[in-house]
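Architecture at a glance
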Amino acid sequence: QVQLVESGGGLVQAGGSLRLSCATSGRTFSTYGMGWFRQAPGKEREFVAGINWSGSITYYADSVKGRFTMSRDNIKNTVYLQMNSLKPEDTAVYYCAARDFADRRAVPTTPALYNSWGQGTQVTVSS
């Protein structure tokens with residue numbers, strides 16, 4: 001497991017942008033598949049975006065496709081989530097997740113398949 005620390009959340013108006021960052025500790029970050037999830041009050045945690053160890057494969061939830069972009073910098077041990085054209089329904093606590101998957105192409109959408117989680121960062125989009 002690795003330690004994950006998210007940052008970059010905040011309050012933004014609809015149509016605005018935010019960039020979330022997830023910094024990790026651990027020398028094996030470059031082998032980890034990473035995911036972003038979010039959880040709104042009263043709702044289950046849901047998949048937002050995922051990226052494999054090299055960054056060659058990304059996968060997005062339909063609700064954010066075309067608006068959000070996930071990337072990673074294996075030198076800085078950090079993954080990013082660029083969020084554009086934000087909508088009020090994007091309001092949630094956003095979590096970063098990681099796991100050293102045996103399948104290097106893996107980008108799972110199920111929270112239970114990840115074994116490291118950050119503390120979350122709040123994103124609030126006002127209408």
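Note that this is a predicted model, so its numbers are computed, not measured. (Residues numbered from 1 in each chain as written. Predicted model: local features only at pLDDT ≥ 70, side-chain atom pairs only at ≥ 80, totals over all residues. Heavy atoms only, no water.)

Some remarks on the pairing of strand β1 (residues 4–7)
Across a regular strand the side chains alternate sides, sitting on one face of the sheet and then on the other. Formally: Partly exposed residues are those whose accessible area sits between 20% and 50% of the maximum for their type, while under 20% is buried and over 50% is exposed, using a 1.4 Å probe and protein chains only. For helices the rule is a DSSP run of H or I covering at least 4 residues; for strands it is a run of E covering at least 2, with both sets numbered from the N terminus onward. Two strands pair if DSSP finds at least two bridges between them.
Burial of the side chains of β1 is restricted to one face: Leu-4 and Glu-6 are buried, whereas none of Val-5 and Ser-7 on the reverse face is. Of the strand pairs in this sheet, β1 and strand β3 (residues 18–24) are connected by 4 bridges, and their pairing is antiparallel. Paired with Ser-7 across the bridge in β3 is Ser-21.

Focus: the state of the cysteines
Which entries qualify depends on this criterion: Disulfide assignment relies on a single distance test, namely cysteine sulfur atoms paired within 2.5 Å.
Inspection of the entire model under this criterion finds 1 disulfide. Through a disulfide, Cys-22 is tied to Cys-96; the S-S separation comes to 2.1 Å. Judged by the sign of its S-S torsion, about -80°, the bond between Cys-22 and Cys-96 is left-handed. In this pair, Cys-22 sits in strand β3 while Cys-96 sits in strand β9 (residues 92–99), placing the two residues 74 residues apart along the sequence. Given a relative accessible area of 0%, Cys-96 falls into the buried group.

Some remarks on the nonpolar core
For the record, the criterion: Nonpolar cores were defined as sets of buried Ala, Val, Leu, Ile, Met, Phe, Trp, Tyr and Cys residues, with membership established by side-chain atoms within 4.5 Å.
Formed by 35 residues in total, the largest nonpolar core has its most connected members in Met-34, Trp-36, Met-70, Leu-81, Met-83 and Tyr-94. Contributions of two or more residues to this core are made by β3, β4 (33–39), β5 (46–51), β7 (68–73), β8 (78–83), β9 and β11 (121–126). Considering every element that reaches this core, the biggest residue donor is β9, with 5 residues.

Notes on the packing of aromatic side chains
To be explicit about the condition: Here is the rule: rings of Phe, Tyr and Trp (six-membered ring for Trp) pair when centre to centre is within 6.5 Å. Planes less than 30 degrees apart are stacked, more than 60 are edge-to-face, and the remainder are tilted.
Under the criterion given, the structure shown has 6 aromatic pairs. Between the aromatic rings of Phe-37 and Tyr-114, the centroid separation amounts to 5.4 Å while the plane-to-plane angle is 75°, which identifies the pairing as edge-to-face. Residue Phe-37 is found in strand β4, and its partner Tyr-114 is found in the loop between β9 and β10 (116–117); the two are separated by 77 residues along the sequence. Residue classification places Phe-37 among the buried positions, given a relative accessible area of 0%. Looking at Tyr-114, the relative accessible area reads 5%, which means it is buried. Their ring planes at 85° and their centres at 5.3 Å tell us that Phe-101 and Tyr-114 sit as a pair that is edge-to-face.

Side note on the pairing of β7
A one-sided burial pattern is seen for β7, the buried positions being Phe-68, Met-70 and Arg-72 and the unburied ones Thr-69, Ser-71 and Asp-73. Examined bridge by bridge, β7 and β8 share 6 bridges and lie antiparallel to one another. Counted as the bridge partner of Thr-69 is Gln-82 from β8. As consecutive antiparallel partners, β7 and β8 are separated by 4 residues, and within that stretch Asn-77 has a phi angle of approximately 55°, a positive value.

None of this, on its own, says anything about what the molecule does.
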